[in-house]
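In case you want the letters, here they are:
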Amino acid sequence: MTANVGTRRPPVLSGAQPLIGHAAEFLRQPIELVERGYRECGEIFTVRIPGQRAVMMIGPEHNRFFFSETDKRLSIKTAYPFFVKMFDPNFYFFAGNDEYKRQRTLVLPRFQGRQLANYVDTMLEEIRDLDRWMGDRGEFDLVHTLGPLVMRIAARAFLGPEFAAQLENGFFEKFRRFSAGMDPVMPQWLPLPHLVRSRFAKRDLHRLMGELIAQRRRQPVEPGDFLQTLIEARYDDGDEVPDLVLINLILLFSWAGHETTTGHISWAIIDLLQHPDELAKVVEEASTVLAGTETPSLQQISRLQHLDHALHETERLHPVAFTMARTAAETFSYGGFEIPKGTMLMISPSVSHRLPDLFDNPDEFRPDRFGDNPKSKGSLVGFGGGVHRCLGVHFAYLEMTLALAYLLRDFDFTLVDTDPQPIPGAHTKWPQSPCRVSYTRKSAS
């Protein structure tokens, strides 16, 4: 929606405080702030942040502009300085469009089509290990139990079975400390404890990944798995892939898969337990589709349609990334407003996904809305969009589908903490712990 050149700036949301603007409200209640801005100002409005003018855009049309203009008029690199620090300024999203596409081509085939079938056995082994650990009855915290499950699946799928021993030697905790560097507010150079821990964890993870890559070069595995084929891959022009790029690719997909999927699968269980009729449909479907098969094919898994719709409905209601950001690489006009160079532009999946013009009764959990109108999935941006849409989205949906199908088929779950809430403030929107479930194996009930 690029309009004739205008000189107006987007309206400023009320409530800005001297010096700090809206920063305190954004840090405390970011989603509520965006909802208030949409009610007061409409689809495009300005949020004042110290040292930064930020423009929020709400709705599918603006989401499409946001993703289509990334690496053109909008920059992802300058919008996420903490990611640059966690990874590398010449890596993936942050390296510029040509280098991004070059690196993306290395991993794209490993998340497509029949390649996904190669991950099913690994996923099922980890799900069955969790099943054995659970026993016949008990209680666990969703994030504290499903987070490590997701990490183990990602580590084994991307790093290989020989890396399993590292999972017992603090790898998960190292990764959580590394992830703490994802701070959109504090400058990365500050010696804050969580930022210092993130830098030390990054050093340890780089060492571990470097040792693993060297070992695979000395002793290649056959047939080649994700890690082996990545190590042996070349760029399209025949150039070797630097070890630093390989290490960062492995860390990125392990981090992204863990960060988003942990929250998504936890909220999906909560949504289904709070809606028994929808849960019953999922359980009946899983019992029918999975009956008599040890390892279901991708074709069988694709028949878990109601579970797929439920997962998309959870993505709609509980997107883990509540905002996404870019910065204006040049001054341009959009929607009749002037957007100066350097302006931060943000979209909010959390608010866009609940617009009543897009979804009837938007606050209700209604998985069938995606069966009635499959195109509705195109309005979801929980995993990004355009060329920057998460490459691992199909991997994530596959592991969540398998885990939920088997767990909900085999166990009766009850929410212990009956009013789960998202982690408050400007943080990844996982359910806030404690968020516990009790369970009983159906054959033991």
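Anything mentioned here points back to the structure above.
Predicted model only: the values in this text are computed from it and were never measured.

(A) Geometry of the pattern of salt bridges. For the structure shown, the criterion picks out 29 salt bridges. Ionic pairing is found between Arg 156 and Glu 126, a salt bridge with its closest N-O pair at 3.0 Å. A residue pair is termed long-range when its members are at least 10 positions apart, and Arg 156 in helix 7 (residues 142–159) and Glu 126 in helix 6 (residues 120–134) qualify at 30 residues. Of the charged contacts, one joins Asp 136 and Arg 441 as a salt bridge, the two residues approaching to 3.1 Å between their closest N and O atoms. Note that Asp 136 is positioned in the loop between helix 6 and strand 4 (137–141) and Arg 441 in strand 10 (residues 436–441), a separation of 305 residues in sequence.

(B) Structural view of the packing of aromatic side chains. As enumerated under the stated definition, the model contains 21 aromatic pairs in all. Between Phe 140 and Tyr 439, the ring centres sit 5.6 Å apart and the planes meet at 45 degrees, which makes this aromatic pair tilted. Of this pair, Phe 140 sits in strand 4 while Tyr 439 sits in strand 10, and the two are 299 residues apart along the sequence. Aromatic rings pair up to connect Phe 111, Tyr 119, Phe 158, Phe 226 and Phe 395 into one cluster. Here the guanidinium or amino end of Arg 316 rests over the ring plane of Phe 359, the centre of that ring lying 5.0 Å away. Against the face of Phe 322 rests Lys 429, its NZ or CZ located 5.3 Å from the ring centre.

(C) Here's a closer look at the pairing of strand 8 (residues 344–347). Side chains Met 344 and Met 346 of strand 8 all project onto a buried face; the interleaved residues Leu 345 and Ile 347 project onto the opposite face, where all are buried too. Pairing geometry for strand 2 (residues 52–57) and strand 8, over four bridges, is parallel. Across the sheet, the residue bridging to Met 57 is Ile 347, located in strand 8. Note that strand 5 (residues 324–328) and strand 8 share four bridges and pair antiparallel. Each residue of the ladder has a partner; that of Met 324, found in strand 8, is Ile 347.

(D) Seen up close, the side chain of Arg 36. Among the structural elements, Arg 36 can be located in helix 2 (residues 30–41). When neighbours within four sequence positions are excluded, Arg 36 is seen to be in contact with Leu 13, Ser 14, Gly 15, His 22 and Glu 25.

(E) Main features of the sheet that holds strand 3 (residues 74–75). The strand order 1-2-8-5-3 describes an open sheet built from five strands, whose pairing is mixed. Of all strands in the sheet, those bounded by a partner on one side alone are strand 1 (44–49) and strand 3. Direction of pairing for strand 3 relative to strand 5: antiparallel, over a ladder of two bridges. The partner of Leu 74 across the bridge, within strand 5, is Ala 328. Helix 2 rests against strand 1 and strand 2 of the sheet, and its axis sits at about 135 degrees to strand 1.

(F) Representation of the environment of Tyr 397. Among the secondary structure elements, Tyr 397 is positioned in helix 18 (residues 393–410). As for Tyr 397 and Lys 77, which are separated by 320 residues in sequence, their C-alpha atoms are 27 Å apart. Those residues within four positions of Tyr 397 in sequence are excluded, and the remaining contacts are His 264, Asp 308, Leu 311, His 312, Glu 315 and Phe 383.

(G) Up close: helix 2. If you check helix 2, its first and last C-alpha atoms are 16 Å apart, about what 12 residues at 1.5 Å a residue would give, namely 16 Å. Taken residue by residue, helix 2 has Pro 30, Ile 31, Leu 33, Val 34, Arg 36 and Gly 37 as its buried positions. Contacts from the buried residues of helix 2 go to helix 1 (23–28), strand 1, strand 2 and helix 16 (349–352). One or two residues past the end of helix 2 sits Gly 42, with phi positive at roughly 100 degrees.

Cut-offs used in this document
- Residues numbered from 1 in each chain as written.
- Predicted model: local features only at pLDDT ≥ 70, side-chain atom pairs only at ≥ 80, totals over all residues.
- Heavy atoms only, no water.
- Salt bridge = Lys/Arg side-chain N within 4 Å of Asp/Glu carboxyl O.
- Helix = DSSP H or I, 4+ residues; strand = E, 2+ residues; numbered from the N terminus.
- Phe/Tyr/Trp six-rings, centres within 6.5 Å; stacked < 30°, edge-to-face > 60°.
- Lys NZ or Arg CZ within 6 Å of the ring centre and 35° of its normal.
- Buried < 20%, exposed > 50% of the residue type's maximum accessible area, 1.4 Å probe, protein only.
- Pairing = 2+ DSSP bridges.
- Contact = heavy atoms within 4.5 Å.
- Axes fitted to C-alpha atoms, helices over the stretch in contact; angles between N-to-C directions.
- Expected span 1.5 Å × (residues − 1).

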